[in-house]
Amino acid sequence: MQDSELYGRILGITAPWRVARVELQLKQGEVHVYLAHEDKQEWPCPECGASCAVYDRQAERQWRHLDTCQYRTIVHAQPPRSQCREHGVRVVKLSWAESNSRFTALMEGLAIAWLKHASQKAVAEQLHLSWDEVHGIMERAVERGLARRQAEEIPQLGVDEKAFRKGHKYLTLVNDLRRNRVLYVAEGREQSSLDGFWGTITEAQRDSIEAVAMDMWDPYVDSVREHVREADKKIVFDKFHIAQHLGEAVDRVRRREHKELKAEGDERLTGTKYDWLRNPASMDGEQRREFASLRQSELKTARAWALKETGMALYNYVYEKPARKHFQWWYNWAVRSRLEAMKEKARMLKRRFENIITYLRHQITNAASESLNAKIQWVKYTARGFRNKQNFIHAIYFHCGGLDLAPSPTK
Ligand SMILES: [Zn+2]
């Protein structure tokens, strides 16, 4: 078998293209494969497929291919440009690469497959790609995937904020809770961060939204109110966010009381911080017995804890009417508790109540997508080498967007 025939098969080159020659550059460890095509007067337009006259040929271009026998393999060709009456002058479709890529589709496909399981740094090293090349492959894959996305119904949305790096940089993520994927990522957590999402979905998709889970965060509330019909019936403040608020209040009560007790030599609250935040169901027998005597004591912290647990019992209700009654009773207890931290949270929950009680109807939380969160954590973890936020955003779409990323000639 001739070199050219062998490489034609390896590359999957078919008529009208053929391998014209193969050059082995031993010193550099490279194989250069030169492609040529039949002398055709007409080529199909890449857009509509109509047979069109040749306009000209591009200057010679290069595509990095998968290594062959550890040789860096580079494909060379001069693609013709067709002139379509409707679509004008265009580079013809190539079977080995997408029109704007400097890699063959197989090379790009391999890099994408690796990127799904390894960090960008590892893939860059293993495939001898530069950072920019890896980013470019990732970015194109995401663009392709987003363009291929269908306008499916999204009955349950989750709007979530994620801290980017330590400190105060945030991203806003919009998740499709049913399909467990990220639909949209934007910088910041302003109203404008979420506002950008609505234009990326169709009117019908917007109408398909039945419920939106989110933290009690006004900029998000405002954006949903402006863009979703009957938003007030659909917004559901995240259950875990509410539990977190009440947990914070219990902790504030504990810290203060612990200080007072310690001043009198009473160490009962020493080392109990996490016991008050944990679910007693997750404690072993011994721990539970110890904790039981604490929480049944006359301590303020025990009262705050009971308030928190009773408040969260709201979520056990099936029907709205008794749930409202429960909350009203709980609220009255909380505001008379003489525990400032609990009073403060109770007032906040009352103010927000209409979008807390919506949980009973929709039963959604942002934590529904545990596996998605795990993936985002992984992206964050492998993001340490990221040079900019844009790259991080692409990585979230890449790993969590549920996108079809493969380059099209391989499909
Ligand atoms: Zn055309």
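Here, every reference points to the structure presented above.
Because the structure is a prediction, the values reported are computed rather than measured.

What counts and how
- Residues numbered from 1 in each chain as written.
- Predicted model: local features only at pLDDT ≥ 70, side-chain atom pairs only at ≥ 80, totals over all residues.
- Heavy atoms only, no water.
- Helix = DSSP H or I, 4+ residues; strand = E, 2+ residues; numbered from the N terminus.
- Contact = heavy atoms within 4.5 Å.
- Expected span 1.5 Å × (residues − 1).
- Buried < 20%, exposed > 50% of the residue type's maximum accessible area, 1.4 Å probe, protein only.
- Arc of directions from axis to C-beta.
- Donors = N, O, S within 2.8 Å, 3.2 Å for Na, K, Ca; no water.
- Tetrahedral: all angles 85-135°; square planar, octahedral: opposite > 155°, others 65-115°.
- Pairing = 2+ DSSP bridges.
- Axes fitted to C-alpha atoms, helices over the stretch in contact; angles between N-to-C directions.
- Parallel < 35°, antiparallel > 145°, perpendicular 65-115°, else oblique.
- Left-handed = near helix turned anticlockwise from the far one by under 90°.
- Nonpolar A, V, L, I, M, F, W, Y, C, P; charged D, E, K, R; others polar.

## Focus: the environment of threonine 358
Working step 1: Note that threonine 358 resides in helix H15 (residues 358-362).
Working step 2: With 72 residues separating them along the chain, threonine 358 and glutamate 286 place their C-alpha atoms 38 Å apart.
Working step 3: Not counting chain neighbours up to four residues away, the residues in contact with threonine 358 comprise Asp232, Lys233, Ile235 and Val236.

## With respect to helix H13 (residues 320-335)
Working step 1: An ideal rise of 1.5 Å per residue puts 22 Å on 16 residues; H13 measures up with 22 Å between its terminal C-alpha atoms.
Working step 2: Every buried residue of H13 is accounted for by Ala323, His326, Phe327, Trp330, Tyr331 and Ala334. Projected onto a plane normal to the axis of H13, the buried residues spread over an arc of 135° and lie on a single side. Exposed side of H13, more than 90 degrees from the buried face: Lys321 and Lys325 are the residues found there.
Working step 3: Elements in contact with the buried residues of H13: helix H9 (239-263), helix H12 (300-312), helix H14 (340-352) and H15.

## Regarding the coordination of the zinc ion
Working step 1: Looking at the zinc ion, the protein donor atoms are Cys45 (SG), Cys48 (SG), Cys84 (SG) and His87 (ND1), and they sit 2.1 to 2.3 Å from it.
Working step 2: If you look at the zinc ion, its four donor atoms make angles of 107 to 112° with each other, and the shape they trace is tetrahedral.
Working step 3: A relative accessible area of 3% places cysteine 45 in the buried class.

## What about the sheet that holds strand E9 (residues 156-164)?
Working step 1: Spatial strand order, E11-E10-E9-E12-E13: five strands in an open sheet with mixed pairing. Of all the strands in the sheet, the pair left with one neighbour each is strand E11 (181-187) and strand E13 (235-237). The average angle at which neighbouring strand axes cross in this sheet is 25°, direction not considered.
Working step 2: Direction of pairing for strand E12 (residues 211-214) relative to E13: parallel, over a ladder of three bridges. Across the sheet, residue alanine 213 finds its bridge partner in E13, namely valine 236.
Working step 3: Contacting E9, strand E10 (169-176), E12 and E13, helix H7 (residues 218-227) crosses the sheet at an angle of about 165° to E12.

## Details of the packing of helix H4 (residues 131-148) against helix H17 (residues 389-400)
Working step 1: The geometry of H4 relative to H17 is characterised by a closest axis approach of 9 Å and an angle of 55° between their N-to-C directions. Here H17 runs oblique to H4, going by the angle between their axes. Handedness of the crossing formed by H4 with H17: left-handed. In this structure, H4 uses His135, Met138, Glu139, Ala141, Val142 and Leu146 to contact H17, whose residues at the interface are Asn391, His394, Ala395, Tyr397, Phe398 and His399.
Working step 2: A breakdown of the residues in the contact of H4 with H17 according to their chemical character gives seven nonpolar, four polar and one charged.

## Some remarks on the side chain of histidine 362
Working step 1: Topologically, histidine 362 is positioned in helix H15.
Working step 2: Looking at histidine 362, the relative accessible area reads 18%, which means it is buried.

## Here's the deal with the sheet that holds strand E5 (residues 61-68)
Working step 1: Ordered by their spatial adjacency, four strands build an open sheet running E1-E2-E6-E5, and the pairing between neighbours is mixed. Taken across any chain shown, the strands that pair with only one partner, and hence form the sheet edges, are strand E1 (17-25) and E5. Neighbour to neighbour, the strand axes of the sheet diverge by 25° on average, direction disregarded.
Working step 2: Sheet topology places strand E2 (residues 30-37) next to strand E6 (residues 71-77); five bridges connect them, and they run parallel. Opposite tyrosine 34, over in E6, you have histidine 76 as the bridge partner.
Working step 3: Contacting E1, E2, E5 and E6, helix H1 (residues 3-11) crosses the sheet at an angle of about 110° to E1.

So far we have only geometry, and geometry alone does not tell us how the molecule works.
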